[in-house]
Amino acid sequence: MQNHNKIYIDGRWVESASPDWLEVTNPATGALVSRVPAGTPADVDRAVQAAVRAFDGWAITPADQRRALLLRVADLMEARKEALVDAVSTSMGCPRHISGWLHVEGPIEAMRLFADHAAITGETAEHGHSLVWREPVGVCGFINPWNYPLHQFVGKVGAALAAGCTMVTKPSEQTPLQDYLMAEILHQAGLPAGVFNLVPGRGPEVGQALCEHPQVDMLSFTGSTRAGIEIARACAPTVKRVTQELGGKSPFIITDDCDFTAAVRYGVDDVMLNSGQTCTALTRMLVPASRHDEALEIIRTRVAEIEVGTGPNAFMGPLSSERQWQQVQDYIQVGLDEGASLVCGGPGKPDGLPQGFFARPTVFAGVSNDMRIAREEIFGPVLCVIAYDDLDQAVSIANDTPYGLSSGVYARNHEEALAIARRIRAGLCFVNGGEFNYRAPFGGYKQSGNGREFSHHGVEEFTELKSAQLGAPAA
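Residues numbered from 1 in each chain as written. Predicted model: local features only at pLDDT ≥ 70, side-chain atom pairs only at ≥ 80, totals over all residues. Heavy atoms only, no water.

Colleague: Help me out: how do you make sense of the overall build of the protein chain in this one?
Modeller: Along its length, the protein chain carries 15 helices and 22 strands. For 475 residues, the compact-globule estimate of 2.2 N^0.38 gives 23 Å, and the protein chain sits close to it at 23 Å. If one aligns the C-alpha atoms of the protein chain with their principal axes, the spans along those axes are about 75 × 60 × 40 Å. Here the protein chain, with 475 residues, has 59% of them falling under the buried criterion. Surface accessibility of the protein chain: about 18,600 Å² in total, with carbon and sulfur atoms responsible for 50%. Where the 39 positive side-chain charges of the protein chain centre and where its 55 negative ones centre are 3 Å apart. (Helix = DSSP H or I, 4+ residues; strand = E, 2+ residues; numbered from the N terminus. Rg over C-alpha atoms; globule rule 2.2 N^0.38 Å. Buried < 20%, exposed > 50% of the residue type's maximum accessible area, 1.4 Å probe, protein only. Areas by Shrake-Rupley, 256 points an atom, 1.4 Å probe, with all protein chains shown as cover. Lys, Arg positive; Asp, Glu negative; His and termini not counted. Charge placed at Lys NZ, Arg CZ, Asp CG, Glu CD.)

Colleague: When you look at the environment of Lys349 in this model, what are you seeing that I'm missing?
Modeller: With respect to the secondary-structure elements, Lys349 resides in the loop between strand S14 (341-344) and strand S15 (362-365). The spacing of Lys349 and Trp325 is 24 residues in sequence and 9.5 Å in space, taken between C-alpha atoms. Apart from residues lying up to four places away in sequence, Lys349 is in contact with Trp325, Pro354, Gln355, Gly356, Phe358 and Arg360. A polar atom in the side chain of Lys349 sits 3.0 Å from the backbone oxygen of Pro354. Only 2.7 Å separates the side chain of Lys349 from the backbone oxygen of Gly356, close enough to count as a polar contact. (Contact = heavy atoms within 4.5 Å. Polar contact = N/O pair within 3.5 Å; in protein donor to acceptor, adjacent residues only side chain to side chain.)

Colleague: What's the story with the sheet that holds strand S22 (residues 463-469) in this structure? I'm lost.
Modeller: Pairing between the strands of a sheet is mediated by backbone hydrogen bonds and can be parallel or antiparallel. Across the sheet, which stays open at both edges, the 3 strands sit in the order S5-S6-S22 with antiparallel pairing between neighbours. Since the sheet does not close on itself, it has two edges, and those belong to strand S5 (124-127) and S22, each with one partner. Across the sheet, the mean angle separating the axes of adjacent strands is 30° when strand polarity is ignored. Examined bridge by bridge, S5 and strand S6 (residues 130-136) share 4 bridges and lie antiparallel to one another. Across the sheet, Ala125 pairs through a bridge with Val132, a residue of S6. (Pairing = 2+ DSSP bridges. Axes fitted to C-alpha atoms, helices over the stretch in contact; angles between N-to-C directions.)

Colleague: Sorry if this is basic, but what is going on with unusual backbone geometry here?
Modeller: As a rule of thumb, non-glycine residues mostly have phi less than zero, and peptide bonds are mostly trans rather than cis. Its identity as a non-glycine residue notwithstanding, Asp10 has a phi of 60°, on the positive side. The exposure class assigned to Asp10 is partly exposed, which follows from its relative accessible area of 24%. One non-glycine residue, Phe379, lies in the positive phi region at around 60°. You can see Phe379 is positioned in the loop between helix H12 (372-375) and strand S16 (382-388). Phe379 sits in the buried class, given a relative accessible area of 14%.

Colleague: What exactly am I supposed to notice about the packing of helix H4 (residues 96-115) against helix H5 (residues 149-163) here?
Modeller: Any two packed helices are characterised by how steeply their axes cross, that is the angle between the axes, and by the distance between the axes. Packing of H4 against H5 leaves a shortest axis separation of 9 Å and a crossing angle of 5°. Relative to H5, H4 is oriented roughly parallel. Of the residues in H5, those in contact with His103, Val104, Pro107, Ala110, Met111 and Phe114 of H4 are Pro149, Leu150, His151, Val154, Gly155, Gly158, Ala159 and Ala162. Taken together, the residues that form the contact of H4 with H5 break down as 10 nonpolar, 4 polar and no charged. (Parallel < 35°, antiparallel > 145°, perpendicular 65-115°, else oblique. Nonpolar A, V, L, I, M, F, W, Y, C, P; charged D, E, K, R; others polar.)

Colleague: Sorry if this is basic, but what is going on with the packing of helix H3 (residues 81-92) against helix H6 (residues 177-189) here?
Modeller: Where H3 contacts H6, the axes come no closer than 8 Å and their chain directions differ by 160°. Overall, the two elements H3 and H6 adopt an arrangement that is roughly antiparallel. Together, Ala83, Leu84, Ala87, Val88 and Ser91 of H3 and Leu177, Gln178, Leu181 and Met182 of H6 make up the contact between the two elements. Among the residues forming the contact of H3 with H6, the class breakdown is 7 nonpolar, 2 polar and no charged.

Colleague: How should the sheet that holds strand S19 (residues 430-431) be read in this particular structure?
Modeller: Reading across the sheet, the 7 strands line up as S14-S15-S16-S13-S12-S18-S19 and stay open at both edges, with mixed pairing between neighbours. Both outer strands of the open sheet, S14 and S19, are each paired with one neighbouring strand and no more. Pairing geometry for strand S18 (residues 408-410) and S19, over 2 bridges, is parallel. In the strand pairing of S19, Gly408 is matched with Phe430. Helix H10 (residues 292-305) contacts strand S13 (284-288), S14, S15 and S16 of the sheet and is inclined by roughly 165° relative to S16. Running at roughly 20° to S15, helix H11 (residues 322-337) makes contact with S14, S15 and S16 of the sheet.

Colleague: Explain the pattern of salt bridges here, please?
Modeller: Opposite charge on two side chains lets them pair, provided their charged atoms get close. Evaluation of the coordinates by the stated rule reveals 26 salt bridges. With a closest N to O distance of 3.2 Å, Glu305 and Arg302 form a salt bridge. With Glu305 and Arg302 both in helix H10 and 3 residues apart, the pair spans about one turn of that helix. Take Glu305: its relative accessible area is 43%, and that puts it in the partly exposed class. Under the relative-accessibility criterion, Arg302 is labelled buried at 10%. (Salt bridge = Lys/Arg side-chain N within 4 Å of Asp/Glu carboxyl O.)

In structure tokens:
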């Protein structure tokens, strides 16, 4: 067990003001693997003051120097890739052979891509007699999730560094280990003291303090919609900028004339990957009523192939915690109580896995869009199959949700799929099996949040626009 007994403030590892600890457990075994300090509002204030002191110097650091630093960080991440994989897999539960490509390789690529946008604050545009440019927004507070902890760390920290901001980061209580490694990497890369600060802790203490601190200019949060509402309220009195990536209940429209088997199998894999703990998961599969039974047979075949565990062939690991496991069990019971038909899976743990927080890949059919399992984010390996009569009805069902983070369409060709995608009210659409792209913006509509992450759009979130109105030149 590797304990981390300090927090990172002003370029140094220092003692926390708290005598309390957060325990990190391996969800595959339930075993304690590490402890980190449970930070306090006093720790947050120290970190914010360090970020305030560092801001003026970092904000005017030439873009080529910021770019070079981000590239060094990416190189160091690559050099310590195996350690990052271990940190995510051990604390979050994703099988190690999947964690590499799902949780670590993408963030390394994203960090390199952010380097290409470091010049954003050095660009000036002319509009008549005005000049317009971007400046860094200031000191940022980051509250990160447990389901894709390194992915979201880089989405916030990489963009903020490119824009010239300073920051205080709070990792999830469940998954702080990769943040400790990243603090070491940022320090080794030569990031100036105070630009990045790490304060682990609980939401009601550290998270609340970041939201309420008057010298924090911007708060970026990834998590549930419920928590996002509370964070927005806590930030309101200081009128700080708030960006949020929140929940989802994403639809996946499969048309009658597509490669039907490929589409259905893709939809199953999308939901079961990361044990269903993905905010963009396409958890509502919309299939033509005429092919509903055919879809169920394809689903049964694919689910039977899915291995649950931690071995080299496992596709699904455990859920992240006992609490999350119980939430999924409760929702499976809700689906049964609502009268949905259980296609496969169901309550309880898979055979042969009595330890850890493993769940069975579960699929419900006979689902109507007014059922709780079709409206509420379960955040586990649970797929709802909904039949539709025609495309207009499919689009109506897809949009009948308070969320709008992600969506999917599988059609005969890209042209037809894109025509459907344009009708869906969501910030992201996976078309014909497309994959996540760090060169494109990521974020949601409606109660799935506001703002965008990744690409140049993500860097722009961390800037303010300034205009200078030029008078007539002196004689």
